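Secondary and tertiary structure notes
Here's the letter readout for the chains.
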Amino acid sequence: MYFRQWFSDFFDECYEDYKQYCSSGSIKKEKTLKRIEVMESSLAEYFELNDATQNEQDVPLSEENFPPAEPDRTDDGTSLADADPLYCT
């Protein structure tokens, strides 16, 4: 719901800025990055995001915060590491 409202507002308010990077050659890296920049700026403004709150929320977790990974299992429940490679399809 919120994304849809932002999207509607974006095209009402920012489409002219965005559109200038949509002409011929719009797949060029520079134009693509500028379109992303316009959209990113609009999203940050609409959802009132700033560097302070983003930095607090986007801190990567260390590996010790994650539980140990479960080994992948075959259909019969055996570990893929224990499965016979000749019978794996």
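Just so we're clear, the structure is a prediction, and the values are computed from it rather than from any experiment. As a convention, each chain's residues are numbered from 1 in the sequence order in which they are written. Where local features are concerned, this predicted model is filtered to residues with pLDDT of at least 70; where side-chain atom pairs are given and counted, the filter is 80 or more; whole-chain, interface and lining totals use all residues. To get the side-chain values, take all heavy atoms of the structure and skip hydrogens and water.

1. A word on the packing of aromatic side chains
Note on aromatic pairs: the rings of Phe, Tyr and Trp (six-membered ring only in Trp) are paired at centre separations within 6.5 Å, and the planes decide the class, stacked below 30 degrees, edge-to-face beyond 60, tilted for the rest. Applying the stated criterion across every chain yields a total of 11 aromatic pairs. Between W6 and F10 the ring centres are 5.2 Å apart and the planes differ by 35 degrees, which places this aromatic pair in the tilted class. With W6 and F10 both in helix α1 (residues 2-13) and 4 residues apart, this pair spans about one turn of that helix. By the burial criterion, W6 is buried, and F10 matches it. Each residue in the set F3, W6, F7, F10, F11, Y15 and Y18 is aromatic and connected to the rest through ring pairs, giving one cluster. The helix and strand labels rest on DSSP assignments: H or I over at least four residues marks a helix, E over at least two residues marks a strand, and numbering proceeds from the N terminus. Per-residue accessibility, obtained with a 1.4 Å probe over protein chains only, is compared with the maximum for each type, and a residue is labelled buried under 20%, exposed over 50%, and partly exposed between these values.

2. Here we look at the environment of Y2
If you trace the backbone, Y2 turns up in helix α1. The class of Y2 is exposed, set by a relative accessible area of 58%. As for Y2 and Y46, which are separated by 44 residues in sequence, their C-alpha atoms are 9.7 Å apart.

3. Details of the nonpolar core
Note on soluble globular proteins: their nonpolar side chains tend to be buried together. As used here, the term nonpolar core means buried Ala, Val, Leu, Ile, Met, Phe, Trp, Tyr and Cys residues forming a set that is joined through side-chain atoms within 4.5 Å. If you look at the biggest cluster of nonpolar residues, it comprises 6 residues: W6, F10, C14, Y18, Y21 and V38. The criterion used for residue contact is that any of the two residues' heavy atoms lie within 4.5 Å. Not counting the four nearest positions on each side in its chain, C14 is found in contact with D9, V38 and S42.

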